[in-house]
Amino acid sequence: MLVIGAGIAGLTAAFVLHQRGVSVRVLESTARVGGRMTTDLVGGRVIDRGAQFLSTGYPMLSSLVRRLGLSSEWVRTTPWTAVVRDGRVIRFRYDDALSSLWSGLLRPQEIWTLARQSLSALSTVRRPINDYGRWSDVDVTDAASWYDQQFGPWMTEYLVEPMLQGFYFQSPEETSCALPRAIAGFLTQGAHTSTLRGGIGRLPSALAEHLDVCLNQTVLAVEPQRDSVAIETQDGWIQARRVILAIPAPQALQLLRSTSEAERLLLSTTYSSTLNLPWGWTAAGGRPIPSTTSMVC
Ligand SMILES: Cc1cc2nc3c(=O)[nH]c(=O)nc-3n(C[C@H](O)[C@H](O)[C@H](O)COP(=O)(O)OP(=O)(O)OC[C@H]3O[C@@H](n4cnc5c(N)ncnc54)[C@H](O)[C@@H]3O)c2cc1C
């Protein structure tokens, strides 16, 4: 079995397969593992280059941390955040609704609207927050349109946009309204964020210690054949019985020489440059895919 990409998705897939006795090799184009989850030490300071926290709403990641013996290194991140309104920096705790209401960020009329609308929306956000598939029925329009209409433009500007831009680097106009609603579910279920002492890049590094990872190996093309898959690397073609593509969707699309119309449409998703597949969802074929983030089969 070959896994392409030594980011957290590829390494986790490889680790799970390895633990089940499958012989697996990971090909990574750069000189280090982790992809968008790496940490550097700069002047003695820990700098996470991409991902900065893990959510307790991701049960697979917290169980991975335990299995890798890193539980004692698991620390909570600060719940304090800040938003600028009318030139003033307003601080509040994201995990404490009262702190955000009384911080001065919102006007009394806005607090009233937020409380009223949130109460009526409460029943719709009580679902698993790590399974995006369970939110598809609320994926009806973009976040800016939905929140402007349900609450008012202040909601999009001072709460939804800072949250989406801050955590996901996405604008409310280009994001499904299902995402902030899932995050609201995350907050109502008391989930919180954590990281690893020494930086989050310790997680992929710990996974890689158990695996056969080939660095500086760029895959140029992937050609599914009848009983195997042909893979072109800079050193020539190799064959594998099975391949997991664990790279962002647009890059996966470029590697796949032959894709069905359905796969092409799926990989051309414009919501985000990463494609999130929930547990048990199948891209092609009907087999369940154990997926953490952008895993494409
Ligand atoms: C700035 C930033 C902050 C973030 N903050 C958070 C956060 O706080 N919490 C959180 O949960 N998530 C966060 N994320 C998202 C999270 O980092 C990603 O969802 C996750 O790391 C993606 O992992 P991946 O394995 O799917 O992809 P990647 O990390 O992109 O890994 C793909 C790997 O494949 C390799 N690759 C690509 N093409 C090829 C090829 N042709 N041949 C061989 N190898 C190839 C790449 O070099 C890379 O190592 C953040 C992302 C960014 C960018």
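Here's a quick rundown of the structure. What you see as residue numbers is a count from 1 along each chain, following the sequence as written. Under the rules for a predicted model, residues below a pLDDT of 70 receive no local features and side-chain atom pairs below 80 are neither given nor counted, while totals for whole chains, interfaces and linings still include all residues.

Moving on to the packing of helix H5 (residues 143–150) against helix H6 (residues 153–168). Between two packed helices, both the angle of their axes relative to each other and the distance between the axes serve to describe the pair. Where H5 meets H6, the closest approach of the two axes is 8 Å, and the angle between their N-to-C directions is 140°. One element, H5, and the other, H6, form an angle in the oblique class. Here the hand of the crossing between H5 and H6 comes out right-handed. In this structure, H5 contributes Ala143, Ala144, Tyr147 and Asp148 to the contact, and H6 contributes Pro153, Met155, Thr156, Val160 and Leu164. Here the residues of the contact of H5 with H6 are counted per class, giving 7 nonpolar, 1 polar and 1 charged. Only the stretch in contact is used when fitting a helix axis, every axis being a line fitted to C-alpha atoms; angles between N-to-C directions are given from 0 to 180 degrees. Under the DSSP-based scheme used, a helix requires at least four consecutive residues in state H or I and a strand at least two consecutive residues in state E, with every element numbered from the N terminus. Small angles under 35 degrees read as roughly parallel and large ones over 145 as roughly antiparallel, with 65 to 115 read as roughly perpendicular and the rest as oblique. What makes a crossing left-handed is the near helix being turned counterclockwise from the far one by less than a right angle; a clockwise turn instead makes it right-handed. By the criterion used throughout, residues are in contact when their C-beta atoms, derived from the backbone, lie within 7 Å. Charged residues are taken to be Asp, Glu, Lys and Arg, nonpolar residues to be Ala, Val, Leu, Ile, Met, Phe, Trp, Tyr, Cys and Pro, and polar residues to be all remaining types, Gly included.

Okay, the site of the ligand next. Surrounding the ligand, one finds 29 residues, the nearest of these being Gly5, Gly7, Ala9, Gly35 and Ala51. Among the secondary structure elements, those contributing two or more residues to the shell around the ligand are helix H1 (8–19) and helix H9 (249–255). The dominant element in the shell around the ligand, judged by the number of residues it contributes, is H1, at 3 residues. Here the shell around the ligand is built from residues that sort into 14 nonpolar, 13 polar and 2 charged. Residues are counted as near a molecule or strand when the C-beta atom, derived from backbone positions, lies within 6 Å of that molecule or strand.

This brings us to the nonpolar core. By our criterion, buried Ala, Val, Leu, Ile, Met, Phe, Trp, Tyr and Cys residues that link up through C-beta atoms within 7 Å make up a nonpolar core. Using C-beta atoms placed from the backbone, we call a residue buried if 20 or more other C-beta atoms fall within 10 Å of its own, exposed if 12 or fewer do, and partly exposed for counts in between. Core analysis: the largest hydrophobic core is formed by 36 residues, its most contacted members being Val3, Ile4, Leu11, Leu203, Leu245 and Ala246. Per element, the largest residue contribution to this core is 6 residues, and it comes from H1. Setting aside chain neighbours within four positions, we find Leu203 in contact with Ile8, Met37, Val65 and Leu196. Core analysis: the next-biggest nonpolar cluster, separate from the first, contains 17 residues, Val160, Met163, Ala182 and Ile183 among them.

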